[in-house]
Amino acid sequence: MKPQQFIIALIAVAFAFAPQLLKTSTAASAGQDSQEGKYAAKLVSPQAGDVVYPGQKVRIVWEALLPKLPVDPSVCEAEIWLSLDGGKSFTFIITPIQFDLNNKIFSFDWTVQNMPTAAAVLDIRFGCEQFFPETRSVQIASPFVIGQSATH
């Protein structure tokens, strides 16, 4: 294959995958109405670099851009998942309840578990059964620390 043909093929592959990469990016702004059926969340608290401790009650606050739905948003759900490895994997769900999705600003009071890490990241997911697939909004720009328990 000639170098010119290789470069053209490489560009074509890059453009083929570009839309998928954009779909998984984090939310830049969640303060406007969705015109295209998209979902995004923007974490307000905890902020990047904050340190929380096991047993502490922390209010998680986020703004959400909800898609226009053919149903009442109250039949949908939001979940918060926790990563301890900087967002590489999300193995802990920290929200046991459904949220009232008729708002744009949401909060959840979380009692921090004893899982020390310097790289905690939240993923705020939204889904609506048959009307909108569960969609992730990884808050990679807002990593925080879960400190050591005082009882150690």
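Procedures and definitions
- Residues numbered from 1 in each chain as written.
- Predicted model: local features only at pLDDT ≥ 70, side-chain atom pairs only at ≥ 80, totals over all residues.
- Heavy atoms only, no water.
- Helix = DSSP H or I, 4+ residues; strand = E, 2+ residues; numbered from the N terminus.
- Buried < 20%, exposed > 50% of the residue type's maximum accessible area, 1.4 Å probe, protein only.
- Contact = heavy atoms within 4.5 Å.
- Polar contact = N/O pair within 3.5 Å; in protein donor to acceptor, adjacent residues only side chain to side chain.
- Pairing = 2+ DSSP bridges.

(A) Looking closely at the environment of Ala-120. By secondary structure assignment, the location of Ala-120 is in strand 7 (residues 117-128). Note on Ala-120: relative accessible area 0%, which makes it buried. Distance from Ala-120 to Ser-83, taken between C-alpha atoms, is 5.5 Å for residues 37 residues apart in sequence. Excluding anything up to four places from it in sequence, Ala-120 contacts Leu-82, Ser-83, Ser-142, Pro-143, Phe-144 and Ile-146.

(B) Structural context of the side chain of Arg-125. By the element assignment, Arg-125 lies in strand 7. There is a polar contact of 2.8 Å between the side chain of Arg-125 and the side chain of Asp-123.

(C) Region of interest: the pairing of strand 6 (residues 105-111). Here strand 6 shows a clear split, with Phe-106, Phe-108 and Trp-110 buried on one side and none of Ile-105, Ser-107, Asp-109 and Thr-111 buried on the other. Pairing analysis gives seven bridges linking strand 3 (residues 57-65) to strand 6, with the strands arranged antiparallel. Looking at the pairing, Val-61 lines up with Ser-107 of strand 6.

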